[in-house]
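Residue strings, one per chain:
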Amino acid sequence: AVVKVFQFFDRSIGQRDNLAGVLIIAFLFITWLQVEDARSRGEVPTVCGYQIYEVKTGSMVPTIPVKSLILSRIPKDAAKLAVGDIVTFQDNGVTITHRIVEVIQEKGAIGYRTKGDNPANSVDPNVLTPDRIQAVYVMKLPFRFTSESD
């Protein structure tokens with residue numbers, strides 16, 4: 001009788017492991033489809049509140065190499081960011097990922113000075129307002145984007 005109990009647990013554990021593996025693969029496949037669909041439409045891929053951006057210039061070298069993919073989260077409160085946070089924002093129609101180097105509080109309003117990590121960069125000329133922040137950097141993904149032209 002004891003042997004039958006162990007055999008039952010061995011089978012149920014194996015079935016749970018198989019089910020978990022199938023669910024993980026299905027989740028990854030669906031996520032990949034969502035990312036590719038968003039990219040094909042020229043949109044930023046968003047999955048579970050996180051966004052994936054490609055870094056296209058050397059402004060964040062050496063922290064983030066050119067053609068790196070970064071995972072960023074949509075900020076809960078963009079007015080509560082700090083010096084050192086890396087943010088992605090729009091400036092004159094261009095998507096930029098730079099580090100906050102100064103928090104400006106003036107007449108109850110919050111603004112940020114940003115700069116790329118590349119030593120050749122200077123501080124960005126425009127003050128960044130919280131409403132223009134699209135995402136906050138979480139991590140560099142362990143793979144890089146390459147297009148057919150690379």
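Rules of the game
- Residues numbered from 1 in each chain as written.
- Predicted model: local features only at pLDDT ≥ 70, side-chain atom pairs only at ≥ 80, totals over all residues.
- Heavy atoms only, no water.
- Helix = DSSP H or I, 4+ residues; strand = E, 2+ residues; numbered from the N terminus.
- Buried < 20%, exposed > 50% of the residue type's maximum accessible area, 1.4 Å probe, protein only.
- Core = buried A, V, L, I, M, F, W, Y, C linked by side-chain atoms within 4.5 Å.
- Contact = heavy atoms within 4.5 Å.
- Pairing = 2+ DSSP bridges.
- Polar contact = N/O pair within 3.5 Å; in protein donor to acceptor, adjacent residues only side chain to side chain.

Q: Lay out unusual backbone geometry with the relevant residues and their values.
A: Along the chain, Val-61 connects to Pro-62 via a cis peptide bond; the corresponding omega equals 10 degrees. With respect to the helices and strands, Pro-62 occurs in the loop between β2 (50-54) and β3 (68-73). Although it is not a glycine, Asn-92 sits at a positive phi angle of roughly 55 degrees. You can call Asn-92 exposed: its relative accessible area is 71%.

Q: Explain the nonpolar core residue by residue, including any values.
A: Of all hydrophobic cores here, the largest spans ten residues; its members are Ala-78, Leu-81, Val-87, Phe-89, Ile-96, Ile-100, Tyr-112, Leu-128, Ile-133 and Val-136. Elements represented by at least two residues in this core include exactly β4 (86-91), β5 (94-106) and β7 (133-144). Sequence-distant contacts of Ile-133, that is, excluding residues within four places in its chain, are made with Pro-75, Ala-78, Leu-81, Val-87, Thr-88, Phe-89, Tyr-112 and Leu-128.

Q: Tell me about the pairing of β2, and name the residues and values.
A: Here β2 shows one buried face, formed by Gln-51 and Tyr-53, and one open face, formed by Tyr-50, Ile-52 and Glu-54. Sheet analysis places strand β1 (residues 46-47) next to β2, joined by two bridges and oriented antiparallel. Opposite Thr-46, over in β2, you have Gln-51 as the bridge partner. Counted between consecutive antiparallel strands, the loop separating β1 from β2 contains two residues, among which Cys-48 sits at a positive phi close to 55 degrees. One ladder, built from five bridges, connects β2 with β3; its direction is antiparallel. Looking at the pairing, Tyr-50 lines up with Arg-73 of β3.

Q: Pulling in residues and values, what's your account of the side chain of Thr-97?
A: Along the chain, the position of Thr-97 falls in strand β5. Among the residues examined, Thr-97 registers a relative accessible area of 12% and is labelled buried. A polar contact is formed between the side chain of Thr-97 and the side chain of Thr-88, at a distance of 2.8 Å. Not counting the four nearest positions on each side in its chain, Thr-97 is found in contact with Ser-59, Met-60, Ile-70, Ile-86, Val-87 and Thr-88.

Q: Lay out the environment of Lys-76 in plain terms, naming residues and giving numbers.
A: Checked against the element boundaries, Lys-76 lands in the loop between β3 and β4. In this structure Lys-76 comes out as exposed when scored by relative accessible area, which is 81%.

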